[in-house]
Amino acid sequence: MKKQKPTKTDFHRLETMKGDEIDYSDLPATTQEFWDDSEVMMPAPKKHISLRLDQDVVEFFKRDGQGYQSKINAVLKTYVFSQEKKKAS
């Protein structure tokens, strides 16, 4: 069974809310001007590889359940970004 992270969100209240009860005031206006400079960014294709990781590392990421491989990728991508930024300066 997957462990749930503790949260302060009142999901029961959210599930019972009607559309007109939701506060959208913090959302940006979606006028044509909002979309004028927008660009659809498609995710880069993934490369399928076989990778050996320490068991404790895999278990750490798997604790949150589905999407653990994407999280590992995000951590590695952040590391790559920080290293490239360091080399550029």
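Residues numbered from 1 in each chain as written. Predicted model: local features only at pLDDT ≥ 70, side-chain atom pairs only at ≥ 80, totals over all residues. Heavy atoms only, no water.

## Overview of the packing of aromatic side chains
Here comes step 1: Counted under the stated rule, the structure contains one aromatic pair.
Here comes step 2: Relative to Phe 61, the ring of Phe 60 has its centre 5.2 Å away and its plane inclined at 85°; by these criteria the two rings are edge-to-face.
Here comes step 3: Looking at Phe 60, the relative accessible area reads 47%, which means it is partly exposed. (Phe/Tyr/Trp six-rings, centres within 6.5 Å; stacked < 30°, edge-to-face > 60°. Buried < 20%, exposed > 50% of the residue type's maximum accessible area, 1.4 Å probe, protein only.)

## A few points about the packing of helix H3 (residues 55–62) against helix H4 (residues 68–88)
Here comes step 1: Between H3 and H4, the least distance of the axes is 8 Å, while the angle of their chain directions is 110°. Between H3 and H4, the interaxial angle falls into the category roughly perpendicular. Like other packed secondary-structure pairs, H3 and H4 cross with a definite hand, here right-handed. Contacts between H3 and H4 involve Val 58, Phe 61 and Lys 62 from the first element and Tyr 68, Lys 71, Ile 72 and Val 75 from the second. (Axes fitted to C-alpha atoms, helices over the stretch in contact; angles between N-to-C directions. Helix = DSSP H or I, 4+ residues; strand = E, 2+ residues; numbered from the N terminus. Parallel < 35°, antiparallel > 145°, perpendicular 65-115°, else oblique. Left-handed = near helix turned anticlockwise from the far one by under 90°. Contact = heavy atoms within 4.5 Å.)

## Some words on a nonpolar patch on the surface
Here comes step 1: A contiguous nonpolar patch, built from Ile 49, Leu 51, Leu 53 and Val 57 and spanning about 340 Å² of accessible area, is present on the exposed surface.
Here comes step 2: Assignment of secondary structure puts Leu 51 in the loop between helix H2 (32–36) and H3. (Patch = residues over 30% accessible without salt bridge, like charges linked within 9 Å, V, L, I, M, F, W, Y side chains within 5 Å. Areas by Shrake-Rupley, 256 points an atom, 1.4 Å probe, with all protein chains shown as cover. Salt bridge = Lys/Arg side-chain N within 4 Å of Asp/Glu carboxyl O.)

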